[in-house]
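Structure assessment
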Amino acid sequence: MTDDLEVLSALVDGEPVDPVALVAALAVPDAARALVDFAALRALARRDLDEGQAAVVDRTPWRPAPRSWWRVAAAAAVLAVVALAGYSAGRFTGGSGAVADRLAGADTEEAAVASDAAPPRPTRVLRFELGTEWKRIS
Amino acid sequence: MTSGTAGDLFDGHRAVVYGYLRRMTGDAALADDLTGEVFVRVVRGLSGYRPQDRERAWVLTIARNVLLDQRKRLRPVLVGLDEADLYAGTGDPQQETRVRLGEALAALDEPEREAFLLREVGGLGYVEIGAATGTTPDAVRSRIFRARQSLRVLLSGELESARRMEWRQDS
């Protein structure tokens with residue numbers, strides 16, 4: 001009897017079986033119940049796998065989305081535009097004052113420092129006054 | 001190989017690999033670690049992949065080897081304790097079914113448990129399971145049958161519920 005039901009187990013798995021052995025197996029009183037149980041075991045195992053799959057998804061660390069060429073191209077284009085805008089802004093400062101000055105609302109002294117049309121004004125002035133360190137030599 | 005990248009391989013087979021390892025070890029955390037190790041080996045072994053092999057069978061063979069190597073390093077972990085501790089007595093039928101399935105699988109002889117899992121979780125055929133485990137398709141057939149017969153006894157209550165669920169789906 002046990003060997004007969006083994007044919008049914010193989011049949012459920014889609015494996016080749018001997019037709020004569022299959023006839024004998026189907027004649028076993030427990031055959032129908034065995035077939036149903038084999039299918040039910042499969043359903044249990046598959047459900048267990050699905051529930052385990054959900055656990056895998058929960059545990060899986062964040063993976064970056066697959067890179068697509070258009071995403072890379074778009075990012076490169078944005079960077080190029082930003083760089084060009086920054087370069088152009090730095091070039092076209094004009095007599096009305098530096099772009100930095102207009103954007104930040106800086107005062108004229110800082111604007112003069114930022115402008116490349118004239119030499120930068122000194123940012124530090126050293127004053128030497130007559131004192132103990134200096135003596136007028138006449 | 002049907003998968004285009006290592007990421008495709010991971011996405012296509014990780015759940016099955018994890019499911020197989022989880023039920024072979026009885027330890028979800030260990031299965032997690034081993035699953036990662038499996039795919040490291042998969043990526044490293046891509047050059048050795050033979051196109052005539054089915055991708056799933058190849059990956060599960062690697063998973064089996066990872067498991068065997070792990071057992072050489074450590075003594076076997078007790079089976080089913082984590083889920084039993086978590087879910088026993090919770091009153092959640094699905095979780096308790098998972099616990100009993102884990103316990104029933106743990107009660108099987110390892111060759112039978114492995115053959116059953118490679119078939120039902122991995123979807124491998126008898127020839128593929130035989131190649132992965134170093135045995136013949138006839139031996140695989142016998143192991144799977146014995147596993148099913150044992151599980152029929154150990155899970156009689158759950159099988160009754162499963163049969164009723166299937167009937168509800170059909171109606």
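Since the structure is predicted, the reported quantities are computational estimates derived from the model, not experimental observations.

A short note on the overall build of chain B
Across its full length, chain B carries nine helices and zero strands. Taken from N to C terminus, the helices and strands of chain B fall in the order α-α-α-α-α-α-α-α-α. A total of 171 residues make up chain B; the buried ones form 48% of that total. Partitioning the contacts of chain B with sequence separation of at least 6, the portion at a separation of at least 24 is 65%. Looking at chain B as shown, the accessible area adds up to about 8,200 Å², and 53% of this sits on carbon and sulfur atoms.

Re the overall build of chain A
Within chain A, the regular secondary structure consists of six helices and zero strands. Start at the N end of chain A and walk to the C end: the helices and strands fall as α-α-α-α-α-α. For chain A, with 138 residues in total, the buried portion stands at 24%. In the structure as shown, chain A presents an accessible area of about 10,300 Å², 62% of it carried by carbon and sulfur atoms.

Comments concerning helix H6 (residues 110-120) of chain B
Of all eleven residues in H6 of chain B, nine are buried, a share of seventy percent or more. Every buried residue belonging to H6 of chain B is among Glu112, Arg113, Glu114, Ala115, Phe116, Leu117, Leu118, Arg119 and Glu120 of chain B, and all of these are buried.

Thoughts on the interface of chain B and chain A
Taken residue by residue, the interface counts 38 residues in chain B and 36 residues in chain A. Carbon and sulfur atoms supply 55% of the area buried between chain B and chain A, which totals about 3,300 Å² over both sides. Contact with chain A buries surface across chain B, with Arg141, Phe145 and Arg152 of chain B losing the most and accounting together for 20% of the total. The interface formed by chain B and chain A includes ten salt bridges. With a closest N to O distance of 3.4 Å, arginine 98 of chain B and aspartate 48 of chain A form a salt bridge. Where chain B meets chain A, there are 13 residue pairs in polar contact (both at pLDDT 80 or more). For the side of chain B that touches chain A, the secondary structure elements donating two or more residues are helix H1 (6-25), helix H2 (28-44), helix H5 (93-107), H6, helix H8 (137-154) and helix H9 (156-170) of chain B. Looking at the side of chain B that touches chain A, the element that brings in the most residues is H1 of chain B, giving ten residues. Residue composition of the side of chain B that touches chain A, grouped by class: 16 nonpolar, seven polar and 15 charged.

Regarding the packing of aromatic side chains
One pass over the full model with this rule turns up one aromatic pair over all chains. Residues phenylalanine 10 of chain B and phenylalanine 39 of chain B carry aromatic rings whose centres are separated by 5.1 Å and whose planes lie at 75 degrees to one another, so their mutual orientation is edge-to-face. Taken together, the residues span a long stretch of sequence, with phenylalanine 10 of chain B in helix H1 and phenylalanine 39 of chain B in helix H2 at a distance of 29 residues. For phenylalanine 39 of chain B, a relative accessible area of 7% puts it in the buried group. A cation over an aromatic ring shows up here: arginine 148 of chain B above the ring of phenylalanine 38 of chain A, its NZ or CZ 5.6 Å from the ring centre.

Parameters and conventions
- Residues numbered from 1 in each chain as written.
- Chains lettered and ligands numbered in written order.
- Predicted model: local features only at pLDDT ≥ 70, side-chain atom pairs only at ≥ 80, totals over all residues.
- Heavy atoms only, no water.
- Helix = DSSP H or I, 4+ residues; strand = E, 2+ residues; numbered from the N terminus.
- Buried < 20%, exposed > 50% of the residue type's maximum accessible area, 1.4 Å probe, protein only.
- Contact = heavy atoms within 4.5 Å.
- Areas by Shrake-Rupley, 256 points an atom, 1.4 Å probe, with all protein chains shown as cover.
- Buried area = accessible area lost by both parts, 1.4 Å probe.
- Salt bridge = Lys/Arg side-chain N within 4 Å of Asp/Glu carboxyl O.
- Polar contact = N/O pair within 3.5 Å; in protein donor to acceptor, adjacent residues only side chain to side chain.
- Nonpolar A, V, L, I, M, F, W, Y, C, P; charged D, E, K, R; others polar.
- Phe/Tyr/Trp six-rings, centres within 6.5 Å; stacked < 30°, edge-to-face > 60°.
- Lys NZ or Arg CZ within 6 Å of the ring centre and 35° of its normal.

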